[in-house]
Amino acid sequence: MKKDPEKKKKTKGVSYAKWGYIFILPFFLVYFTCHFVPQALTIYNSFFENYREGLTQVGPRFVGLENYVKLFTASSDGTIDILKYTGNTILLWLCGAIPQILVALLLAVFFTSYRLKIKGQRFFKTVIYMPNLIMASAFSMLFFTLFSNVGPVNQLLLSAGIAEKTIDFFAYKITVRGMICIMNFLMWFGNTTILLMAGIMGIDQNMFEAANIDGATPLQTFFRVTLPLLKPILVYTIMTAMIGGLQMYDVPQVLTKGQGMPDRTSTTLIMYLNNYLGTSKNYGMSGAISVYIFIITGIISIFVYRSLTKED
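Definitions and cut-offs
- Residues numbered from 1 in each chain as written.
- Predicted model: local features only at pLDDT ≥ 70, side-chain atom pairs only at ≥ 80, totals over all residues.
- Heavy atoms only, no water.
- Helix = DSSP H or I, 4+ residues; strand = E, 2+ residues; numbered from the N terminus.
- Rg over C-alpha atoms; globule rule 2.2 N^0.38 Å.
- Buried < 20%, exposed > 50% of the residue type's maximum accessible area, 1.4 Å probe, protein only.
- Contact = heavy atoms within 4.5 Å.
- Areas by Shrake-Rupley, 256 points an atom, 1.4 Å probe, with all protein chains shown as cover.
- Lys, Arg positive; Asp, Glu negative; His and termini not counted.
- Charge placed at Lys NZ, Arg CZ, Asp CG, Glu CD.
- Pairing = 2+ DSSP bridges.
- Expected span 1.5 Å × (residues − 1).
- Bend = angle between axes of the 7 residues up to and from the residue.
- Phe/Tyr/Trp six-rings, centres within 6.5 Å; stacked < 30°, edge-to-face > 60°.
- Axes fitted to C-alpha atoms, helices over the stretch in contact; angles between N-to-C directions.
- Parallel < 35°, antiparallel > 145°, perpendicular 65-115°, else oblique.
- Left-handed = near helix turned anticlockwise from the far one by under 90°.
- Nonpolar A, V, L, I, M, F, W, Y, C, P; charged D, E, K, R; others polar.
- Patch = residues over 30% accessible without salt bridge, like charges linked within 9 Å, V, L, I, M, F, W, Y side chains within 5 Å.
- Salt bridge = Lys/Arg side-chain N within 4 Å of Asp/Glu carboxyl O.

1. A look at the overall build of the chain
Part 1 of the reasoning: In terms of helices and strands, the chain carries 12 helices and 2 strands.
Part 2 of the reasoning: Along the chain, from the amino end to the carboxyl end, the secondary structure elements read α-β-β-α-α-α-α-α-α-α-α-α-α-α.
Part 3 of the reasoning: Here the C-alpha atoms of the chain give a radius of gyration of 27 Å, more than 25% beyond the 20 Å that 2.2 N^0.38 yields for 312 residues.
Part 4 of the reasoning: Across its three principal directions, the C-alpha atoms of the chain cover 105 × 65 × 35 Å.
Part 5 of the reasoning: Residues counted as buried form 35% of the 312 residues belonging to the chain.
Part 6 of the reasoning: Across the chain, every contact between residues at least 6 apart in sequence was considered, and the portion connecting residues at least 24 apart equals 65%.
Part 7 of the reasoning: Accessible area of the chain: about 20,100 Å², with a carbon and sulfur share of 67%.
Part 8 of the reasoning: Between the centroid of the 27 positive side chains of the chain and the centroid of its 16 negative side chains there is a distance of 12 Å.

2. Structural notes on the pairing of strand β2 (residues 56–62)
Part 1 of the reasoning: Pairing of strand β1 (residues 48–53) with β2, which is carried by 5 bridges, proceeds in the antiparallel orientation. The residue bridging E53 from the neighbouring strand is T56, located in β2.
Part 2 of the reasoning: Between the antiparallel neighbours β1 and β2 lie 2 residues, among them G54 with a positive phi of about 70°.

3. So, the side chain of S301
Part 1 of the reasoning: Tracing the backbone through its elements, the reader meets S301 in helix α12 (residues 283–308).
Part 2 of the reasoning: The class of S301 is buried, set by a relative accessible area of 12%.

4. What about helix α7 (residues 173–201)?
Part 1 of the reasoning: With 29 residues, α7 ought to run about 42 Å at 1.5 Å a step, and its terminal C-alpha atoms sit 41 Å apart, in line with that.
Part 2 of the reasoning: Along α7, the sharpest kink reaches roughly 40°, centred on W188.

5. Observations regarding the packing of aromatic side chains
Part 1 of the reasoning: Under the definition given, this model contains 17 aromatic pairs.
Part 2 of the reasoning: A ring pair is formed by F144 and F170, whose centres lie 5.2 Å apart and whose planes are at 45°; its orientation type is tilted. Here F170 lies in the loop between α6 (152–159) and α7 and F144 lies in helix α5 (residues 136–146), a separation of 26 residues in the sequence.
Part 3 of the reasoning: According to the relative accessible area criterion, F170 is buried, its value standing at 8%.
Part 4 of the reasoning: Following the ring pairs from residue to residue traces out a cluster consisting of F139, F143, F147 and F169.

6. Here we look at the environment of S140
Part 1 of the reasoning: Looking at the secondary structure, you find S140 in helix α5.
Part 2 of the reasoning: When near neighbours in sequence (up to four residues on either side) are disregarded, S140 contacts M183, D250, V251, V254 and L255.

7. Points about the packing of α7 against helix α9 (residues 218–246)
Part 1 of the reasoning: Across the interface, α7 lies against α9 with an axial gap of 9 Å and an inter-helix angle of 140°. Regarding the angle of α7 to α9, the classification is oblique. Regarding α7 and α9, the two cross each other, and that crossing is right-handed. The residues of α9 that touch α7, namely those facing T192, L195, L196, G199 and I200, are T226, L230, I233, L234, Y236 and T237.
Part 2 of the reasoning: Residue composition of the contact of α7 with α9, grouped by class: 7 nonpolar, 4 polar and no charged.

8. Overview of the packing of helix α1 (residues 16–45) against α12
Part 1 of the reasoning: At a minimum axis distance of 7 Å, the contact between α1 and α12 shows a crossing angle of 120°. Classified by the angle between their axes, α1 and α12 sit oblique to one another. Between α1 and α12 the crossing geometry is left-handed. Between α1 and α12, the residues in contact are Q39, T42, I43 and N45 and Y283, G284, G287, S290, V291 and F294, respectively.
Part 2 of the reasoning: Class assignment for the residues of the contact of α1 with α12 results in 4 nonpolar, 6 polar and no charged.

9. Describing a nonpolar patch on the surface
Part 1 of the reasoning: Taken together, the side chains of W19, Y21, I22, F23, I24, F27, F28, Y31, F32, F36, V37 and L41 present a nonpolar region at the surface, about 1,300 Å² in accessible area.
Part 2 of the reasoning: Within the fold, Y21 resides in helix α1.
Part 3 of the reasoning: The exposure class of Y21 is exposed, given its relative accessible area of 61%.

10. What to know about the pattern of salt bridges
Part 1 of the reasoning: One pass over the structure, following the stated rule, counts 4 salt bridges.
Part 2 of the reasoning: The residue E49 makes a salt bridge to R61 at a minimum N-O spacing of 2.8 Å. Placement of E49 in strand β1 and of R61 in strand β2 is noted, with a sequence separation of 12 residues between them.
Part 3 of the reasoning: The exposure class assigned to E49 is buried, which follows from its relative accessible area of 16%.

Written out as structure tokens, the structure reads:
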């Protein structure tokens, strides 16, 4: 006997979409709790006067855009501090990031070349990545010790007759900025090299073989094959380096003892922010600076991303 179609039990299928939402739910919960809510509170606090003066708590009192007006008000010497520190941060980032990307790209192509067939790649990967494992504060203390007035660099210069007297490396902005840029370069070029190597090894080798058969030189292969196909990874590394550079803090903070010497020429935006969060606990001004950093990071990120992906 045939069963009535209406009485047939419907077979339940597996809802993969439901499980997909369940698996990604923890990420959104963590993001909402640890990122979105603090960011919203930061924007909210930026419109209030809320700081500590000694043992007295002033505020919170709504002041509107007064904190933002103070940020862009010139000081007694005629300089706008927030703009000066923005320039310092961008300059320090560029001087460290440009050599980092260029050297990392060169090393990545060198180590992944099938023509050269470099042996011991694992050893070289480990060696170039090792500086990234050193804490930034330890790196800064090392450079501070090396270039101090009684440090080994001064002693070598004096004993070799290159310098007639002790050189105060921390009295010149070019030397202080140079040390910060060198440290940022040494700490991060290994990580960037490994990322770019992974990107190059992910390219189909038939592309390189075809270019070789067509008689392309190594330089032509790099610019016509490697670089275009490596662009997604390259854009990622540049964007992350830029965001990290704008949040630079630990290296100049430890190296200059939080003073940004000489004459605040190595003070970064996060160091400026930390000054308000340190003793006075000025949540209003620190919130305004945080919002400013967020906007500047967003604008520069959009500009860099569109510049790198203009052809796409």
